[in-house]
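Descriptive structure summary
The primary structure of each chain is shown beneath.
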Amino acid sequence: MSKKFKVALSVGVLLIAVGGLLLYRQSMPTRPPVEQNRVSTPPVAEGAKVSWQLFQSEPFGFSFRHPENWQVKNTAGDANTSSAVFIVSDPSEKVARSPNYFVTPEYLWITIKPVDASIGLEELERLFYDDLAVIEKQRITFAGMPAGQAFVGGINKGSRNIYFKKGSMFYEIAVHLDDYSDALKPTIDEVVGSFHFN
């Protein structure tokens with residue numbers, strides 16, 4: 001066999017192998033994007049009754065309502081000395097973080113941190129938000145108090161953070177926009193809107 005023939009044969013075999021691989025890959029079904037891999041209970045039909053439950057934090061003196069099938073994980077400590085995080089989620093819902101890794105979405109995080117009582121809201125805003133990818137900030141009234149609202153960039157939609165100060169405690173309610181579908185937005189808004197101090 002001549003050297004030219006061997007080279008031509010090798011190139012031909014290589015082209016057939018590459019062509020076969022391309023045909024095989026095109027015939028494989030495509031995966032939907034990760035954010036569409038939701039496994040959940042069907043949404044509540046419009047007009048259907050949702051049963052609500054009241055969550056109360058005695059140490060921090062606040063409460064809010066949430067659907068009774070949701071859970072609130074509480075890492076609360078002593079209101080005078082430590083921070084706390086309350087995580088609101090629906091254990092029946094799962095969101096894919098990768099093709100084979102599903103997690104329970106965390107709709108809300110209510111974070112409480114002790115701060116110097118003399119620090120104002122603007123200074124707290126600089127301390128907690130200057131290093132984040134804030135898209136928009138605005139002043140609002142929340143639970144009857146002056147507050148701020150920041151939309152922070154994230155993987156997809158990011159989060160909507162409502163923050164305010166009561167005494168020597170800094171409160172932040174972070175709504176994780178990536179973790180719920182648009183159909184749940186009214187329910188999430190109702191949970192946030194029900195937050196109040198006892």
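Reading the values: rules and limits
- Residues numbered from 1 in each chain as written.
- Predicted model: local features only at pLDDT ≥ 70, side-chain atom pairs only at ≥ 80, totals over all residues.
- Heavy atoms only, no water.
- Buried < 20%, exposed > 50% of the residue type's maximum accessible area, 1.4 Å probe, protein only.
- Helix = DSSP H or I, 4+ residues; strand = E, 2+ residues; numbered from the N terminus.
- Pairing = 2+ DSSP bridges.
- Phe/Tyr/Trp six-rings, centres within 6.5 Å; stacked < 30°, edge-to-face > 60°.
- Core = buried A, V, L, I, M, F, W, Y, C linked by side-chain atoms within 4.5 Å.
- Contact = heavy atoms within 4.5 Å.
- Axes fitted to C-alpha atoms, helices over the stretch in contact; angles between N-to-C directions.
- Salt bridge = Lys/Arg side-chain N within 4 Å of Asp/Glu carboxyl O.

This next bit is on the pairing of strand E3 (residues 62-67). Across the six residues of E3, five count as buried, placing the element largely inside the fold. Between strand E2 (residues 52-57) and E3, which follow one another and run antiparallel, lie four residues, and Gly61 among them has a positive phi close to 70°. Here two bridges tie E3 to strand E13 (residues 196-197), and the two strands are oriented antiparallel to one another. Its bridge partner lying in E13, Phe62 is registered against Phe197.

Bringing the packing of aromatic side chains into the picture now. What the rule picks out here adds up to 16 aromatic pairs. Seen in terms of ring centroids, Phe62 and Tyr171 are 6.3 Å apart; in terms of plane orientation they differ by 85°. Their pairing is edge-to-face. Linking Phe62 in strand E3 with Tyr171 in strand E12 (residues 169-176), this pair joins segments that are 109 residues apart in sequence. The exposure class assigned to Phe62 is buried, which follows from its relative accessible area of 0%.

It is worth spelling out the nonpolar core at this point. Within the largest apolar cluster, 30 residues are counted, with the highest numbers of intra-cluster contacts made by Phe62, Phe164 and Phe195. Going through the elements one at a time, E3, strand E5 (84-89), strand E8 (106-114), strand E10 (145-152), strand E11 (159-166), E12 and helix H3 (185-193) are the ones with two or more residues in this core. In terms of nonpolar packing, the next biggest core, distinct from the first, is built from nine residues, Leu121, Leu124, Ala150 and Tyr163 among them.

Here we come to the side chain of Ser159. With respect to the helices and strands, Ser159 occurs in strand E11. The contact partners of Ser159, leaving out residues within four places of it in the chain, are Ala150, Phe151, Val152, Val175, His176 and Leu177.

Below, the discussion takes up the sheet that holds E11. On the basis of which strands lie adjacent, the open sheet formed by seven strands has the order E4-E5-E8-E12-E11-E10-E9 and antiparallel pairing. Looking along the sheet, the strands with just one partner apiece sit at the ends: strand E4 (71-74) and strand E9 (134-142). Strand after strand, the sheet turns through a mean of 15° between neighbouring axes, direction not considered. Packed on one face of the sheet, helix H2 (residues 121-129) meets E8, E9, E10, E11 and E12 and runs near 140° to E11. Strand contacts of H3: E8, E9, E11 and E12, with the helix running at about 20° to E8, the strand carrying the most contacts.

Before going further, it helps to spend a moment on the pattern of salt bridges. Using the criterion set out here, one finds five salt bridges in the structure. Linking Lys137 and Glu125 is a salt bridge whose minimum nitrogen-to-oxygen distance equals 3.8 Å. Here Glu125 lies in helix H2 and Lys137 lies in strand E9, a separation of twelve residues in the sequence. Its relative accessible area of 38% is what places Lys137 among the partly exposed residues. Owing to a relative accessible area of 11%, Glu125 belongs among the buried residues under this scheme.

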